[in-house]
Amino acid sequence: MIKTKNKRVAVIILFIIVAGCISIAVPQLEKQKYREYNPVALSSTLKQEIESNTINLTAYDIIKYSNKKTNELLRFSTKCEPFDDRKVTKMHCVGFARVYSTICNYAFKVNHINGKAIPVVGIVKWNGINLNSFSKYLPQKWNNFTKDHDFVEVNYDNYTFYVDPTLNIINKI
């Protein structure tokens, strides 16, 4: 009886340790190539909002602001609607990366920061496991959609960040 109880306790403790390790692991983004980039059109209202909300911010704060603003403007979908900053627009990761890059680059420009945000195509890894490799186990209609993932490479000074506005991840490289 005691051995069984000890085994249960050991299993529970092991489960807690493994769950803790898994929950603190941050997904890592790995670039494979650059995506052709065409900025989206920003309304004058959104431009004014970006200017007033980013005045005197550091480059890193602009990176975080751009992520937050992108997520206010977009909702994830498997289909992309035309971008309209007057309403919530449905987009997939390609659209998220494109909108994020436009907002971030505009904020850098108006704040005279020598930085650049560029959409890239890559993979998402979690604990060293390529999550995109699991696409082969999904229904065929999702297979092409999940084989890779778009996010953004942000460069300023001697720093490089990978930002995924779709998943709300910021990795310093």
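Quick note: structure is the one above.
All residue numbers refer to position in the chain's written sequence, counted from 1. Confidence filtering applies because this is a predicted model: local features only for residues at pLDDT of at least 70, side-chain atom pairs given and counted only at 80 or more, and all residues used for totals across whole chains, interfaces and linings. Hydrogen atoms and water are omitted, and side-chain values are computed over all heavy atoms in the structure.

This part takes up the pattern of salt bridges. Whenever Lys or Arg places a side-chain nitrogen within 4 Å of a carboxyl oxygen from Asp or Glu, that contact is recorded as a salt bridge. Counting across every chain of the model gives eight salt bridges. The partner of Lys-69 in a salt bridge is Glu-72, and the shortest N-O contact between them spans 3.0 Å. One end of the pair is Lys-69 and the other is Glu-72, both in helix α3 (residues 59-73) and three residues apart, which spans about a single turn. On the accessibility criterion, Lys-69 (7% relative accessible area) is buried. As a salt-bridge pair, Lys-87 and Glu-81 come within 3.5 Å of each other at their nearest N and O atoms. Exposure is judged per residue with a 1.4 Å probe applied to protein chains only, and the accessible area is read against the type maximum: over 50% gives exposed, under 20% gives buried, and values in between give partly exposed. Classification of Glu-81 by relative accessible area gives partly exposed; the value is 30%. Taken together, the salt bridges that share partners define one network made up of Glu-49, Lys-68, Lys-69 and Glu-72. Every helix listed is a DSSP run of H or I at least four residues long, and every strand listed is a run of E at least two residues long, numbered separately from the N terminus.

Where burial is concerned, most of strand β6 (residues 149-156) is hidden: seven out of the eight residues are buried. Pairing analysis gives eight bridges linking strand β4 (residues 115-126) to β6, with the strands arranged antiparallel. Opposite Gly-115, over in β6, you have Tyr-156 as the bridge partner. At least two bridges found by DSSP between two strands are what make those strands a pair. Bridging between β6 and strand β7 (residues 159-164) involves five bridges; their strand directions are antiparallel. Bridged to Val-152 within β7 is Val-163. Hairpin connection, β6 to β7: the antiparallel pair is bridged by two residues, and Asp-157 has positive phi, about 50°.

Lines fitted to the C-alpha atoms define the axes, with helices restricted to the stretch that makes contact. Angles between their N-to-C directions range from 0 to 180 degrees. Closest axis-to-axis distance for the helix α2 (residues 44-54)/α3 pair is 11 Å, and the angle between their directions is 145°. By crossing handedness, the relation of α2 to α3 is classed as right-handed. Packed against α2, whose contacting residues are Leu-46, Glu-49, Ile-50, Asn-53 and Thr-54, the element α3 presents Ile-62, Tyr-65, Lys-69 and Leu-73 at the interface. A class-by-class count of the residues in the contact of α2 with α3 yields five nonpolar, two polar and two charged. Crossings are classed by handedness, with left-handed meaning an anticlockwise turn of the near helix from the far one by less than a right angle and right-handed meaning a clockwise turn. Residues are treated as being in contact if the distance between any of their heavy atoms lies within 4.5 Å. Nonpolar residues are Ala, Val, Leu, Ile, Met, Phe, Trp, Tyr, Cys and Pro. Charged residues are Asp, Glu, Lys and Arg, and all others, Gly as well, are polar.

Here His-112, not a glycine, exhibits a phi torsion of approximately 55°, which is positive. Following the sequence through the fold, His-112 ends up in the loop between α4 (93-110) and β4. The phi dihedral of Asp-157 is positive, around 50°, even though this residue is not glycine. Counting through the fold element by element, Asp-157 comes out in the loop between β6 and β7. When its relative accessible area of 63% is taken as the criterion, Asp-157 is described as exposed.

Attention now goes to the packing of aromatic side chains. Aromatic rings from Phe, Tyr and Trp, taking only the six-membered ring of Trp, are treated as a pair when their centres fall within 6.5 Å; an angle between ring planes under 30 degrees marks them as stacked, one over 60 as edge-to-face, and anything in between as tilted. This model, assessed by the stated rule, comprises four aromatic pairs. Each ring, one from Tyr-60 and one from Phe-161, has its centre 5.4 Å from the other, and the planes form 40°; the classification is tilted. Separated by 101 residues along the polypeptide, Tyr-60 in helix α3 and Phe-161 in strand β7 bring together distant segments of the chain. Residue Phe-161 is classed as buried on the basis of its relative accessible area of 6%. An angle of 65° between the planes, with centres 5.5 Å apart, marks the rings of Phe-151 and Tyr-162 as edge-to-face.

Below, the discussion takes up the pairing of β7. It is a general feature of regular strands that their side chains alternate between the two faces of the sheet. Bridge analysis of β7 against strand β8 (residues 169-172) gives four bridges, and the strand direction is antiparallel. Bridge assignment links Val-163 to a residue of β8, and that residue is Ile-170. Hairpin geometry of β7 and β8 is characterised by an intervening segment of four residues between the two adjacent antiparallel strands and by a positive phi of about 60° at Asn-168.

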